[in-house]
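Summary of structural features
Listed below are the residues making up each chain.
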Amino acid sequence: MATKHDQILKYIEGLPIGDRISVRSIAKNLGVSEGTAYRAIKDAENIGLVSTIQRVGTIRIERKLKKHIEKLTFGEVVRIIEGDVLGGSAGLDKVLNKFVIGAMTENAMTRYITPGSLMIVGNRQGVQKLALENGAAVLITGGFDTENEIAELADELEMPVLRTTYDTFTVATMINRALSDQLIKKDIMLVSDIYTTLEKTNYLFSTNTIADYQKLSEKTHHSRFPVVNKSLRLVGIITAKDVLGKAETLAMDKVMTKDPIVVKKMMSVASVSHQMIWDGLEVMPVVEDDLSLVGFVSRQDVMKAMQLVQRQPQIADTISDQISGEVMPVEDGNKSGELQFKFSVAPQMVNSVGTISFGVLSEIIANVTQRTMITNQRRNVLIEQMSLHYLRLIQLESELDIRPRVLEIGRRSAKLDIEVYLENALVAKAIVVCQVMERT
């Protein structure tokens, strides 16, 4: 039998796109408490069923499942280049590892053709055959056809021959962008990359007693455990303060915290760390959509993951990386010895009237905030709020001077004042509030 939580999620999923919902309406329509309705709505937001918009409310939205392309297949290439398949369709699921442009003699290009590569070429049948025989797929540009012999060979070897109307330079650019996007997506760390699996997770059943909790705590030296029912579905979480002063014979379901905050495997580590800071959590159970327990993630896991990401070499640049790469520290700083950065406004960073894009300016402020906090030995920082005032127009090729100042800094939060100068005139100012995740 479905739980009330599952029933609410199913009800929300059945609502028309665009419908507005509220805790009160869900509680009234389904006959549940407002607390249960609130937790279900937050879960629906986490899995992409609803979105909360300021001054509008919580709206039912179309659920967009995140597509993680771990590897780029030839079938994916067909979609990217808007092409068609001339032969070898059985090999569309094979993985592309590199592409080669056939702009040299056949003898010269043989050394570059490797199994799993993609030969981009025009109507040169000799090169097409050479590529197939060496384990490579073929992409014919310019909309040219191929001979039946080539198509039959592709079918026999199960290596696709593709065709597109685009020219060689265009398709090479498109595929290179897809490979770059794939690397960026893989570089975003998810809960599934760091969580402790069920096999290594210590948990208790709802029928276990406080005595069982104490034995497990002594054995593992931990004080927080997920609580599950006989179907291994999460029903609560138990901590030391829940059992303090209670009789050892009491069952877990009498003392545990019910409906704890949970995470899913496909959530980003950044979003989980934000929630851990916000709610002051040390561990969070990892569950499937039906609340089946699959493991847990700890604050220490998240800390290590965030530090690892910061140490990794950059594989592919995002827009944020490109902007941040232009923010340079001023070695001498100002006379007071405070931090100072400089930034030159490049052509690609302005809007249609030739002034700096507001988004670029925001990214500069964000980057300076992160670097200032690193200088203050606070490496794990998430920007929570930014109040940015663009006081004067900042033109193309302006040389900006950015001066950050820490107003407040604590164990869990910090506030910074960041001023942007152009030729010693104040042109922008921001107040930034960020969350700080420290070891506890």
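An unreviewed UniProt entry lists the chain under the name CBS domain-containing protein, from Enterococcus moraviensis ATCC BAA-383.

**Let's talk about the overall build of the chain**
Along the backbone of the chain there are 16 helices and 21 strands. Per-residue burial for the chain yields a buried fraction of 42% across its 440 residues. Per element, the accessible surface of the chain, about 23,900 Å² overall, is 50% carbon and sulfur.

**Re the sheet that holds strand 11 (residues 225–228)**
Strand order in the open sheet formed by 4 strands is 10-11-12-13, and the pairing between neighbours is mixed. Only two strands of the sheet have a single neighbouring strand rather than two, namely strand 10 (204–205) and strand 13 (257–258). The pairing of strand 12 (residues 234–238) with strand 13 spans 2 bridges and is classified as antiparallel. Its bridge partner being in strand 13, Ile237 is matched across the sheet by Thr257.

**Details of the packing of helix 1 (residues 4–13) against helix 3 (residues 34–46)**
Each pair of packed helices can be summarised by the angle the axes make with each other and by the distance between the axes. Between helix 1 and helix 3, whose axes approach to 9 Å, the crossing angle comes to 55°. The angle between helix 1 and helix 3 places the two elements in the oblique class. Judged by the twist between their axes, the crossing of helix 1 over helix 3 is right-handed. For the pair helix 1 and helix 3, the contacting residues are Lys4, His5, Ile8, Leu9 and Ile12 in the first and Thr36, Ala37, Arg39, Ala40, Ile41, Asp43 and Ala44 in the second. Residues belonging to the contact of helix 1 with helix 3 are distributed by class as follows: 7 nonpolar, 2 polar and 3 charged.

**Focus on the pairing of strand 17 (residues 341–344)**
Covered by surrounding structure in strand 17 are Phe341 and Phe343 only, the residues Lys342 and Ser344 on the alternate face being uncovered. Looking at chain direction, strand 16 (residues 328–329) and strand 17 are connected through 2 bridges and run antiparallel. Note on strand 17: the bridge partner recorded for Pro329 is Phe341. One ladder, built from 4 bridges, connects strand 17 with strand 19 (residues 399–409); its direction is antiparallel. Within the sheet, the bridge partner assigned to Phe341 lies in strand 19 and is Ile402.

**A short note on the side chain of Thr239**
One can find Thr239 in the loop between strand 12 and helix 11 (240–243). Filtering out sequence-adjacent residues up to four positions away, Thr239 remains in contact with Tyr213, Ser223 and Arg224.

**Considering the nonpolar core**
Ranked by internal contacts, the top residues of the largest apolar core, which has 33 residues, are Val77, Leu118, Met119, Leu132, Leu139 and Ile175. When residues of this core are traced back to their parent elements, those giving at least two are helix 4 (74–80), strand 6 (117–121), helix 6 (125–133), strand 7 (137–140), helix 7 (148–157), strand 8 (161–163) and helix 8 (168–187). If we ignore the near neighbours within four places in the chain, the residues touching Val77 are Leu72, Leu96, Leu118, Leu162 and Ile175. Within the second largest apolar cluster, 30 residues are counted, among which are Ala346, Met373, Leu416 and Val427.

**Structural notes on the pattern of salt bridges**
With the rule as written, the count across this model stands at 13 salt bridges. Where Asp417 meets Lys429, a salt bridge forms, and the shortest distance between an N and an O atom there is 2.7 Å. Taken together, the residues span a long stretch of sequence, with Asp417 in strand 20 (residues 413–422) and Lys429 in strand 21 (residues 425–436) at a distance of 12 residues. The exposure class of Asp417 is buried, given its relative accessible area of 3%. In this structure, a network of salt bridges that share partners links the residues Arg405, Asp417, Glu419 and Lys429.

**A short note on the packing of helix 1 against helix 2 (residues 23–30)**
For the pair helix 1 and helix 2, interaxial distance at closest approach is 11 Å and the crossing angle is 110°. Taken together, helix 1 and helix 2 sit at an angle that is classed as roughly perpendicular. Of the residues in helix 2, those touching helix 1 at Gln7, Ile8, Tyr11 and Ile12 are Ile26, Asn29 and Leu30.

**Focus: helix 7**
Since the α-helix turns once every 3.6 residues, residues separated by three or four places project in the same direction. Of the residues making up helix 7, those classed as buried are Ile150, Ala151, Leu153 and Ala154. An end-on view of helix 7 places all buried positions within 160° of arc, on one side of the element. Those residues of helix 7 that are exposed and angled more than 90 degrees off the buried face are Asn148, Glu152 and Glu156. Those residues of helix 7 that are buried are in contact with strand 4 (84–87), helix 6 and strand 8.

**Thoughts on the sheet that holds strand 8**
Taking strand neighbours across the sheet as the criterion, the 5 strands line up as 4-8-7-6-5 in an open arrangement whose pairing is mixed. Two strands in the sheet have a free side with no partner beyond their single neighbour: strand 4 and strand 5 (98–101). For this sheet, the mean inter-axis angle between neighbouring strands, taken without regard to orientation, is 25°. As paired strands, strand 5 and strand 6 are joined by 4 bridges and run parallel to one another. Its bridge partner being in strand 6, Ile101 is matched across the sheet by Ile120.

**Notes on the environment of Ile237**
Mapped onto the elements, Ile237 comes out in strand 12. Relative accessible area serves as the criterion here: at 11%, Ile237 is assigned to the buried category. For the pair Ile237 and Asp253, spaced 16 residues apart in sequence, the C-alpha separation works out to 9.4 Å. The contacts of Ile237, once residues within four sequence positions are left out, are Phe225, Pro226, Val227, Asp242, Met256, Thr257, Pro260, Val283 and Pro285.

**Overview of the packing of aromatic side chains**
All told, the structure shown has 3 aromatic pairs when counted by the stated rule. Each ring, one from Tyr213 and one from Phe225, has its centre 5.7 Å from the other, and the planes form 75°; the classification is edge-to-face. Placement of the pair is Tyr213 in helix 10 (residues 210–220) and Phe225 in strand 11, with a sequence separation of 12 residues. Overall, the relative accessible area of 4% leaves Tyr213 in the buried class. The exposure class of Phe225 is buried, given its relative accessible area of 2%. Sitting above the plane of the Tyr421 ring, Arg403 keeps its charged end 4.0 Å from the centroid.

Thresholds applied
- The residue numbering used here restarts from 1 in each chain and proceeds along that chain's sequence as written.
- Local features in a predicted model are, by the rule used here, given only for residues with pLDDT of at least 70; side-chain atom pairs are given and counted only at 80 or more, and totals for whole chains, interfaces and linings are based on all residues.
- Based on all heavy atoms of the structure, the side-chain values leave hydrogens and waters out of the count.
- Note on conventions: DSSP H or I runs of at least 4 residues are helices, E runs of at least 2 residues are strands, and numbering of each starts at the N terminus.
- Each residue gets one of three labels from its accessible area relative to the maximum for its type: buried under 20%, exposed over 50%, partly exposed in between, using a 1.4 Å probe on protein chains only.
- Calculation of accessible area relied on Shrake-Rupley with a 1.4 Å probe; when residues are assessed, cover is drawn exclusively from the protein chains displayed.
- One bridge is not enough; two strands pair if DSSP finds at least two bridges between them.
- Axis definition: a line fit to C-alpha positions, over the contact stretch in the case of helices; interaxial angles, taken between N-to-C directions, run 0 to 180 degrees.
- Here the angle decides the label: under 35 degrees means roughly parallel, over 145 means roughly antiparallel, 65 to 115 means roughly perpendicular, and every other value means oblique.
- Note on convention: near helix rotated counterclockwise from far helix by under a right angle means a left-handed crossing. Clockwise means right-handed.
- Here a residue-residue contact requires only that any non-hydrogen atoms of the pair lie within 4.5 Å.
- Under the grouping applied here, Gly and all other residues not named as nonpolar or charged are polar, the nonpolar ones being Ala, Val, Leu, Ile, Met, Phe, Trp, Tyr, Cys and Pro and the charged ones Asp, Glu, Lys and Arg.
- The nonpolar core is taken to be a set of buried Ala, Val, Leu, Ile, Met, Phe, Trp, Tyr and Cys residues, with the residues joined through side-chain atoms within 4.5 Å.
- The working definition used for a salt bridge is a side-chain nitrogen of Lys or Arg within 4 Å of a carboxyl oxygen of Asp or Glu.
- To obtain the arc, one takes the directions from the helix axis to the C-beta atoms.
- Pairing of aromatic rings covers Phe, Tyr and Trp, the last through its six-membered ring, and needs centres within 6.5 Å; plane angles under 30 degrees mean stacked, over 60 mean edge-to-face, and all others mean tilted.
- Look at NZ for Lys and CZ for Arg. If either is within 6 Å of the ring centre and within 35 degrees of the ring normal, a charge sits over the ring.

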